[in-house]
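# What the coordinates show
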Amino acid sequence: MTKEASAAAHDGRDTLFARLDLVAGSVRYQEYYRRRPELKPGDDSLRNRGGLMRLVVGGGLTVEQLQALHPRPDEVTRVLDHLTDEALVQALIDDSTPTVEEYTRADLARKPSPRKVQLPAAVASTLLKEVARFYGAALVGVTELTPGDYYSHRRSGEPVTRVFRSAIVFAVEMSRNLIDRAPRRETLLATCNGYVDAARAGARLSGFIKSLGYETSLNTMVRYDIPLVPVAERAGLGQRGRCHFIVTPEFGNRVRLGAILTDLPLQTDSPRDFGLLEFCALCGRCAVSCPGKALSGQPAIINDRPRWRFDEIKCFTTWTEYATDCGICIAACPFSRNPDPAKVAYMKEQPDLMWDILREDRQQESQTQLP
Ligand code: SF4
Ligand code: SF4
């Protein structure tokens, strides 16, 4: 049965990436800012700075240099040795969006099997989580969806018309080695790789569910039906931190998210309160480290829950200054740096452990020498 996402509380056209897709002076640009005039000055200032990514492209590529690139995670150090100029970095970054688009198109073209496999909800959830991990997800959870979870329109402007019962939300880990170099260009490679890894794992999981006879909607960087952070919180992957993103106990915010929406009956997970709100109040490292001052201030209370303030224009202005996607707040988070899992597991009940985690993180940082 097709239901309208009529109660949608979000609009994908309001995300900053969608807004910056609008060409200044075009009909869509004028229509959009007639509706949202308050966003125009900040967005125009980013446009005037040349957009979010303005890598300086210099030098030429030889065929030998290109053939020498093998962008696989286990060879990343060797790849970086070849990245002697921005053109080589740009080539790797430019490869990521078309790759995500290819996975997304292939998934949209694939039809569910006519034979529906019937499984008890608990069994189906366990199976899908195992398959997701097998395909590359580091963390997986399941949550129920309501029409209010959906965007009314995707970033492209296309209306979202199909509402599914559940979301399988997953996270892929981004390379710590690369993120630790924030805000250098290696951060961009880590995030681009993260989006591709999430699209690959998601496309395969979606294909698996279609083989079981159920329809799906694959949510990747190029096609979101829902904002992923709130559903990732509900599915127990982590909590939204002061950095404005999901912070997982296992990998901090050094993750990229993906989701598959489906009507396959599934058993849902519960949110995980591991004490992040209290920890963020003690820590504040992302806010102190943020060069754009985008994370300062006290939390606002939204729907009875504290939400830390995030100024997206200040953040993305910093991106244009560094000509990368910054990532300093990801590298700065103690949870991104693999703290002792036993202490993280009990820090909510024993807050003294939070100080231990912070102290050990400082020690670890002072001993880390990046090449
Ligand atoms: S990405 Fe950089 S500028 Fe943006 S919030 Fe994080 S640290 Fe601040
Ligand atoms: S750096 Fe500290 S304050 Fe920021 S999200 Fe991580 S734990 Fe919270």
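The structure contained in this document is the topic of the report that follows. (Residues numbered from 1 in each chain as written. Chains lettered and ligands numbered in written order. Predicted model: local features only at pLDDT ≥ 70, side-chain atom pairs only at ≥ 80, totals over all residues.)

## Comments concerning the pairing of strand S3 (residues 216-219)
- Side chains of S3 alternate between two faces, with Thr-216 and Leu-218 and Ser-217 and Asn-219 buried alike.
- The pairing of S3 with strand S6 (residues 255-262) spans four bridges and is classified as antiparallel. Bridge assignment links Leu-218 to a residue of S6, and that residue is Ile-260. (Buried ≥ 20, exposed ≤ 12 C-beta atoms within 10 Å, placed from the backbone. Helix = DSSP H or I, 4+ residues; strand = E, 2+ residues; numbered from the N terminus. Pairing = 2+ DSSP bridges.)

## So, the site of ligand 1
- As a matter of local geometry, ligand 1 sits amid Cys-290, Pro-291, Gly-292, Ala-294, Leu-295, Cys-315, Thr-318, Cys-326, Gly-327, Ile-328 and Cys-329.
- Going through the elements one at a time, helix H13 (312-322) and helix H14 (328-332) are the ones with two or more residues in the shell around ligand 1.
- Tallied by class, residues from the shell around ligand 1 come to eight nonpolar, three polar and no charged. (Near = placed C-beta within 6 Å. Nonpolar A, V, L, I, M, F, W, Y, C, P; charged D, E, K, R; others polar.)

## Details of the site of ligand 2
- Taken together, 14 residues lie near ligand 2, and Gly-241, Cys-280, Cys-283, Cys-286 and Cys-333 sit nearest.
- Classifying every residue of the shell around ligand 2 by side-chain character gives ten nonpolar, two polar and two charged.
- A domain-level breakdown of the shell around ligand 2 finds at least three residues from each of domain 1 (12-262) and domain 2 (276-367). (Domains from an automatic or database assignment.)

## Quick word on the nonpolar core
- Grouped together as the largest cluster of nonpolar side chains are 87 residues, with contacts concentrated most on Ile-168, Val-169 and Ala-259.
- Counting residues domain by domain, this core receives three or more from each of domain 1 (12-262) and domain 2 (276-367).
- Aside from chain neighbours lying at most four places away, what touches Ile-168 is Leu-128, Ala-132, Val-140, Val-142, Leu-205, Ala-259 and Ile-260. (Core = buried A, V, L, I, M, F, W, Y, C linked by C-beta atoms within 7 Å. Contact = placed C-beta atoms within 7 Å.)

## Comments concerning the packing of helix H7 (residues 121-134) against helix H9 (residues 186-211)
- Remark: H7 packs on H9, axes separated minimally by 9 Å, with the N-to-C direction vectors making an angle of 145 degrees. Seen along the crossing, H7 lies across H9 with a hand that is right-handed. Between H7 and H9, the residues in contact are Leu-128, Val-131 and Ala-132 and Ala-201, Leu-205 and Phe-208, respectively.
- When the residues that make up the contact of H7 with H9 are grouped by side-chain class, the tally is six nonpolar, no polar and no charged. (Axes fitted to C-alpha atoms, helices over the stretch in contact; angles between N-to-C directions. Left-handed = near helix turned anticlockwise from the far one by under 90°.)

## Some points on the environment of Val-117
- Relative to the elements of secondary structure, Val-117 occurs in the loop between helix H6 (86-109) and H7.
- The spatial distance from the C-alpha of Val-117 to the C-alpha of Leu-264 is 9.4 Å, given a sequence separation of 147 residues.
- Ignoring sequence-local partners within four residues, the contact set of Val-117 consists of Leu-212 and Gly-213.

## Observations concerning the sheet that holds strand S2 (residues 166-173)
- Spatial ordering of the open sheet is given by S1-S2-S6-S3, a layout of four strands whose pairing is antiparallel. Every other strand in the sheet has two partners, leaving strand S1 (139-144) and S3 as the edge strands with one partner each. Across this sheet, the average inter-strand angle for adjacent strands is 20 degrees, counted without regard to direction.
- Of the pairings in the sheet, the one linking S2 to S6 comprises eight bridges and is antiparallel in character. Note that in S6 the partner of Val-172 across the bridge is Arg-256.

## Quick notes on the environment of Thr-187
- Mapped onto the elements, Thr-187 comes out in helix H9.
- Given 24 C-beta atoms within 10 Å, Thr-187 falls into the buried group.
- Put simply, Thr-187 and Arg-176 are eleven residues apart on the chain and 9.5 Å apart in space, counted from C-alpha to C-alpha.
- If near-sequence neighbours (up to four positions away) are discounted, Thr-187 is found in contact with Leu-178, Ile-179, Arg-181, Ala-182, Thr-324, Asp-325, Cys-326 and Gly-327.

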